Number of protein chains: 2
Amino acid sequence: MRAVDIIVKKRGNPLFPHGEELTRSEIEFLINGYVKGEIPDYQISPLLMAIYFNGMSFSETGVLTDVMLNSGSTIDLSGLYGPFVDKHSTGGVGDKISIPLAPIAAACGLKVPMMSGRALGHTGGTLDKLESITGYRTDLSVSDFRRIIEKTGFAMTGQTKEIVPADRLLYALRDVTGTVESIPLITASILSKKVAEGAEALVFDVKYGSGAFMKSQEDAERLAQSLAGTGHAMGKKIVALITDMNEPLGNTVGNFLEIEESMDVLAGKGPSDVTELTYTFAGWMAVLGGITETVDEGKILAEKAVASGRAMELFMENVQLQGGDTEKLLADKNTRRSSYHHVLTSSQDGFIAGIDAYKLGLAGVHLGVGRNRTDESVDPDAGIIIHFHKGDSIKKGDIIFDIFGKNEESLEPAAVLIEQALTCSDRQPEKTPLIIKEITAL
Amino acid sequence: MRAVDIIVKKRGNPLFPHGEELTRSEIEFLINGYVKGEIPDYQISPLLMAIYFNGMSFSETGVLTDVMLNSGSTIDLSGLYGPFVDKHSTGGVGDKISIPLAPIAAACGLKVPMMSGRALGHTGGTLDKLESITGYRTDLSVSDFRRIIEKTGFAMTGQTKEIVPADRLLYALRDVTGTVESIPLITASILSKKVAEGAEALVFDVKYGSGAFMKSQEDAERLAQSLAGTGHAMGKKIVALITDMNEPLGNTVGNFLEIEESMDVLAGKGPSDVTELTYTFAGWMAVLGGITETVDEGKILAEKAVASGRAMELFMENVQLQGGDTEKLLADKNTRRSSYHHVLTSSQDGFIAGIDAYKLGLAGVHLGVGRNRTDESVDPDAGIIIHFHKGDSIKKGDIIFDIFGKNEESLEPAAVLIEQALTCSDRQPEKTPLIIKEITAL
């Protein structure tokens with residue numbers, strides 16, 4: 001077997017202008033060879049480009065995913081009692097859903113082995129948010145991960161080095177070779193990690209809009225179809241919701257600020273959009289895990305888990321088990337703020353026509369919520385409180401945003417971006433639905 | 001400027017699904033950076049793959065060609081009197097046209113600065129053929145190249161290391177990354193070398209068929225159009241002939257065997273197909289060089305150059321100037337043969353329906369005419385004499401092929417391939433035309 005022949009097979013020729021499906025042994029030859037350093041990066045990057053142009057079938061993407069996840073170790077959850085259901089979001093601004101969702105799902109009787117990522121560019125990261133809780137550790141060993149799942153039904157940690165090394169190598173290469181925006185490659189990257197962590201069923205939040213990775217609803221749907229089709233080909237149950245990320249989610253963008261809002265959701269006092277999305281995902285997770293027959297029954301179960309206080313209880317237990325200081329957390333809530341503070345008020349009467357999630361996310365990077373490069377640190381107390389949303393009526397002088405920066409200098413450029421993000425109107429705009437579509441492969 | 005952004009520009013996005021034309025500064029950034037070792041191969045190979053899929057305009061290909069040729073030194077022919085016109089063939093089996101053509105064109109008053117290549121795969125190489133003349137050197141210094149052109153009107157040498165280093169690097173990379181079969185990349189590779197050697201006008205033999213690089217007439221035409229369009233964009237006069245390479249050219253496939261046949265053409269006794277092609281190219285070269293008004297006038301001039309003996313005289317002078325032993329050459333002609341000899345005879349009465357050029361070329365590799373890897377050596381005396389051609393009537397027992405091998409063991413596998421190459425028929429097949437189309441950019 002020669003790498004060049006496999007590249008040409010995927011690339012195509014006059015007889016097969018769109019290339020041919022690669023076999024498992026061909027994909028193994030290339031991916032395993034690449035991880036071992038036997039196949040050079042200059043042969044992998046044109047293969048990725050050929051995949052960008054010619055795509056991959058769902059079953060072929062499933063094989064790629066499987067080969068990738070077998071490139072490293074997987075989390076062994078044997079001996080624990082499932083059902084193991086996890087959730088993944090393609091990333092957005094103000095998207096803290098995972099944090100209240102995991103304890104709610106656990107309270108409904110599911111096991112959630114959650115491995116999350118960090119903030120990058122305009123999007124936030126679950127790990128950065130969790131680490132804003134004093135003491136909270138996101139570098140759990142596999143045995144701690146298992147132990148905490150056993151105790152509280154969920155654990156939240158970062159991906160270990162041993163998990164899917166092929167994805168780390170491939171992602172770094174895609175990043176510098178113009179091959180990031182490929183649906184099958186994105187699918188294999190996401191799914192390989194989620195399957196490696198032990199999930200049997202998965203719910204996906206595939207976001208589209210200015211603050212999302214996918215700018216158009218069509219692209220988000222293509223990715224959702226690919227995640228569902230590929231996951232199905234791998235024997236997993238998949239639900240993908242297409243959700244709107246033109247506006248930021250909830251009332252906060254930040255690290256500790258979003259922990260606070262997550263706790264509000266767990267207390268039954270969260271913003272309506274975050275609450276709706278959290279319950280809907282919990283409802284689907286209950287269905288996928290076989291706990292309820294319908295999503296509505298699952299949502300009712302989730303509401304009960306909140307109303308009974310059980311979800312909050314599990315969250316606080318998890319904080320403690322992962323090293324967090326629960327007393328300090330409760331004392332910090334709604335009081336711990338950066339001292340670099342700026343307020344943006346409305347200059348007119350009227351309505352909020354929109355708040356651009358992308359620009360708000362970029363403002364967050366300036367403030368210290370996120371980072372441009374993976375080696376930059378974030379500020380736990382930086383962020384933005386959003387007091388009004390699209391469609392809300394405002395009066396001149398109303399405080400629309402509270403802005404908290406990592407330092408004094410960060411406030412000015414962030415404020416400029418936030419002002420650009422805000423558009424007002426004399427007429428009340430129509431509200432847009434948050435959940436656009438549900439794509440299922442059960 | 002970042003390499004990844006240029007790759008993405010060529011690759012395209014939802015707004016520009018077929019990518020955008022790259023600017024001169026972008027192409028310079030990548031190609032010059034690659035030659036200097038500043039841009040890694042893993043970023044060049046996906047760019048080449050994006051070019052494979054999205055193509056390049058003629059002017060863009062012209063800029064790539066220009067940047068490539070400026071990556072090294074060019075041959076300075078200043079002080080010599082032109083017109084400098086050269087010929088290039090995309091390669092075939094039995095294709096010795098360049099060898100008689102150069103002295104004929106020189107005898108017509110043209111200057112031919114010819115840099116040729118070596119045999120690879122099933123196709124032969126002009127340099128290997130020339131080196132079968134005892135003593136003949138194809139590693140001329142630039143000053144010898146100039147001096148010999150000045151004396152005999154033409155010189156034939158290999159490409160020096162200083163000429164278009166970008167092409168050597170890019171070709172080696174394309175070879176292992178599935179990006180060889182790209183019309184703009186092939187165009188830039190061919191043209192950069194031909195322009196670097198000092199040619200002002202160029203004739204191309206773009207072959208198609210089993211023994212050619214381009215298997216279909218359509219692909220050959222696309223390449224011819226690209227060579228003409230790109231050459232025109234660079235201010236060169238270009239003529240490309242589409243010619244049939246389903247059958248081998250002439251009566252010989254080999255190194256010294258093809259020198260002999262070239263001398264037959266120069267003596268006015270060559271096979272009709274080789275003679276026709278040589279005169280047609282000479283005719284076009286005369287037109288491009290401004291020596292004659294029409295191709296027919298140019299062909300008459302070429303015929304006169306042969307009839308007068310002037311072309312042969314220039315050939316023998318050139319052999320001497322390039323270190324060849326002319327006395328030995330004349331003594332060797334028609335006598336010097338490998339002692340490993342095998343004869344293939346007809347097993348039936350009938351007609352030759354076809355001789356597959358590709359299989360005959362592969363047989364040549366076994367015999368030692370060509371090579372599979374660039375570091376293999378060739379045998380000057382190996383080869384095949386073809387006594388009958390497509391459409392010829394044969395009788396049982398007729399000798400159809402004389403086969404000469406580098407050793408005894410080489411004969412058997414070659415004979416098997418040659419037998420496979422030959423098809424016979426009860427009915428006389430129609431002759432196919434040799435020159436299918438002329439594509440000009442004057």
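Residues numbered from 1 in each chain as written. Chains lettered and ligands numbered in written order. Predicted model: local features only at pLDDT ≥ 70, side-chain atom pairs only at ≥ 80, totals over all residues. Heavy atoms only, no water.

Draft legend 1. Geometry of the overall build of chain A. The number of helices and strands found in chain A is 17 helices and 13 strands. By the compact-globule yardstick of 22 Å for 442 residues, chain A fits well, its C-alpha radius of gyration being 22 Å. If one aligns the C-alpha atoms of chain A with their principal axes, the spans along those axes are about 70 × 45 × 40 Å. Counting contacts in chain A only where the partners sit at least 6 residues apart, residues at least 24 apart contribute 78% of the total. In the form shown here, chain A has an accessible surface area of approximately 17,100 Å², with 50% of it arising from carbon and sulfur atoms. Across chain A, 43 positive and 60 negative side-chain charges occur, with their mean positions spaced 2 Å apart. (Helix = DSSP H or I, 4+ residues; strand = E, 2+ residues; numbered from the N terminus. Rg over C-alpha atoms; globule rule 2.2 N^0.38 Å. Contact = heavy atoms within 4.5 Å. Areas by Shrake-Rupley, 256 points an atom, 1.4 Å probe, with all protein chains shown as cover. Lys, Arg positive; Asp, Glu negative; His and termini not counted. Charge placed at Lys NZ, Arg CZ, Asp CG, Glu CD.)

Draft legend 2. Inspection of the interface of chain A and chain B at higher detail. Taken together, the contact between chain A and chain B spans 25 residues of the former and 25 residues of the latter. Summed over both partners, the interface of chain A with chain B buries about 1,800 Å², with 66% contributed by carbon and sulfur atoms. Considering only the surface of chain A that becomes buried against chain B, A:Arg11, A:Tyr42 and A:Phe53 emerge as the three largest contributors, covering 34% of it. Taken together, chain A and chain B are joined by two salt bridges. Across the pair A:Arg11 and B:Glu181 runs a salt bridge whose closest N-O atoms are separated by 2.6 Å. Where chain A packs against chain B, one counts 13 residue pairs in polar contact (both at pLDDT 80 or more). Broken down by secondary-structure element, the contributors of at least two residues to the side of chain A that touches chain B are helix 1 (3–11), helix 3 (41–54) and helix 8 (165–177) of chain A. It is helix 3 of chain A that contributes the most residues to the side of chain A that touches chain B, 10 residues altogether. Counted by class, the side of chain A that touches chain B contains 12 nonpolar, eight polar and five charged residues. (Buried area = accessible area lost by both parts, 1.4 Å probe. Salt bridge = Lys/Arg side-chain N within 4 Å of Asp/Glu carboxyl O. Polar contact = N/O pair within 3.5 Å; in protein donor to acceptor, adjacent residues only side chain to side chain. Nonpolar A, V, L, I, M, F, W, Y, C, P; charged D, E, K, R; others polar.)

Draft legend 3. Examining the relation of the copies chain A and chain B more closely. If you rotate chain A by 179 degrees and push it 0.0 Å along the axis, it lands on chain B with an RMSD of 0.1 Å. The transformation relating the two chain copies, once decomposed into turn and shift, fits a two-fold axis. Of all interface residues in chain A, 100% are interface residues in chain B too; the two copies therefore contact each other through one and the same surface. (Least-squares fit on C-alpha atoms with pLDDT ≥ 70 in both.)

Draft legend 4. Focus on the sheet that holds strand 7 (residues 340–345) of chain A. All names here are of chain A. Taken in spatial order, the four strands line up as 6-9-11-7 in an open sheet, and their pairing is antiparallel. Since the sheet does not close on itself, it has two edges, and those belong to strand 6 (252–254) and strand 7, each with one partner. Strand-to-strand, the axes of this sheet are offset by a mean angle of 10 degrees, without reference to chain direction. Bridge count between strand 7 and strand 11 (residues 399–405): six bridges; the pairing is antiparallel. (Pairing = 2+ DSSP bridges. Axes fitted to C-alpha atoms, helices over the stretch in contact; angles between N-to-C directions.)

Draft legend 5. Broad picture of the sheet that holds strand 4 (residues 201–208) of chain A. Residues and elements named next belong to chain A. One open sheet holds the four strands; their spatial order is 1-4-5-13, and the pairing between them is mixed. In this open sheet, the two strands that pair with only one neighbour each are strand 1 (85–89) and strand 13 (435–441). With strand direction ignored, the average angle separating the axes of adjacent strands in the sheet is 15 degrees. Bridge analysis of strand 1 against strand 4 gives five bridges, and the strand direction is parallel. Paired with valine 85 across the strands is alanine 201, a residue of strand 4. Each of strand 1, strand 4, strand 5 (237–244) and strand 13 is contacted by helix 12 (residues 272–288), which is oriented at about 150 degrees to strand 4, the strand it contacts most.

Draft legend 6. Structural view of the nonpolar core. By size, the foremost hydrophobic cluster in this structure holds 122 residues, and its most contacted members are A:Phe204, A:Val206, B:Phe204 and B:Val206. Judged by nonpolar contacts, the second largest core, of 76 residues, contains A:Trp284, A:Ala311, A:Leu329 and A:Ile352. (Core = buried A, V, L, I, M, F, W, Y, C linked by side-chain atoms within 4.5 Å. Buried < 20%, exposed > 50% of the residue type's maximum accessible area, 1.4 Å probe, protein only.)

Draft legend 7. Region of the structure containing the pairing of strand 9 (residues 383–386) of chain B. Residue and element names in this part refer to chain B. Judged by which residues are buried, strand 9 turns out to be covered on both faces: Gly383 and Ile385 on one side and Ile384 and Ile386 on the other are all buried. The pairing of strand 6 (residues 252–254) with strand 9 spans three bridges and is classified as antiparallel. Bridge assignment links valine 253 to a residue of strand 9, and that residue is isoleucine 384. Where strand 9 and strand 11 (residues 399–405) come together, four bridges link them in antiparallel fashion.

Draft legend 8. Focus on the environment of B:Phe29. Residue and element names in this part refer to chain B. The topology assignment puts phenylalanine 29 in helix 2 (residues 24–36). A residue is classified by how much of its surface remains accessible, and phenylalanine 29, at 30% relative accessible area, is partly exposed. In sequence terms phenylalanine 29 and glycine 361 are 332 residues apart; their C-alpha atoms lie 40 Å from each other. Contacts of phenylalanine 29, omitting those with residues within four sequence positions, involve Met1, Arg2, Ala3, Ile6 and Ile39.

Draft legend 9. View of the pairing of strand 3 (residues 154–158) of chain A. Residues and elements named next belong to chain A. Summarising burial for strand 3: five of the five residues are buried, a large majority. Side-chain alternation along strand 3 places Phe154, Met156 and Gly158 on one buried face and Ala155 and Thr157 on a second face that is also buried. One ladder, built from five bridges, connects strand 2 (residues 112–116) with strand 3; its direction is parallel. Residue methionine 115 lies in a different strand from strand 3, and its bridge partner there is threonine 157.

Draft legend 10. A look at helix 5 (residues 98–107) of chain A. Residues and elements named next belong to chain A. Of all 10 residues in helix 5, nine are buried, a share of seventy percent or more. Taken together, the buried positions of helix 5 are occupied by Ser98, Ile99, Pro100, Leu101, Ala102, Pro103, Ile104, Ala105 and Ala106. Glycine 109, located one to two residues past helix 5, shows a positive phi value of around 105 degrees.

Draft legend 11. Representation of the domain arrangement of chain A within the structure. All names here are of chain A. Domain boundaries in chain A define domain 1 (3–55), domain 2 (85–330) and domain 3 (340–425). A straight line from the C-alpha centre of domain 1 to that of domain 2 covers 32 Å. Opposite the 11 residues of domain 1 that make contact, domain 2 presents 12 residues. Area buried by domain 1 at its contact with domain 2 is led by Tyr34, Leu48 and Tyr52, which between them contribute 49% of it. Connecting domain 1 to domain 2 are zero salt bridges. Counting across the interface, domain 1 meets domain 2 through zero residue pairs in polar contact (both at pLDDT 80 or more). Elements with a minimum of two residues in the side of domain 1 that touches domain 2: helix 2 (24–36) and helix 3. When residues of the side of domain 1 that touches domain 2 are assigned to their parent elements, the largest contribution, seven residues, is made by helix 3. In terms of residue class, the side of domain 1 that touches domain 2 is built from eight nonpolar, two polar and one charged. (Domains from an automatic or database assignment.)

Draft legend 12. Seen up close, the packing of helix 3 (residues 41–54) of chain B against helix 8 (residues 165–177) of chain B. Residues and elements named next belong to chain B. Interhelical geometry of helix 3 versus helix 8 gives an angle of 70 degrees and a closest axis separation of 10 Å. The orientation of helix 3 relative to helix 8 falls into the category roughly perpendicular. Relative to helix 8, helix 3 is oriented so that their crossing is right-handed. Between helix 3, through Asp41, Ile44, Ser45, Leu48 and Met49, and helix 8, the contact on the second element is made entirely by Leu170, Leu173, Arg174 and Thr177. A class-by-class count of the residues in the contact of helix 3 with helix 8 yields five nonpolar, two polar and two charged. (Parallel < 35°, antiparallel > 145°, perpendicular 65-115°, else oblique. Left-handed = near helix turned anticlockwise from the far one by under 90°.)

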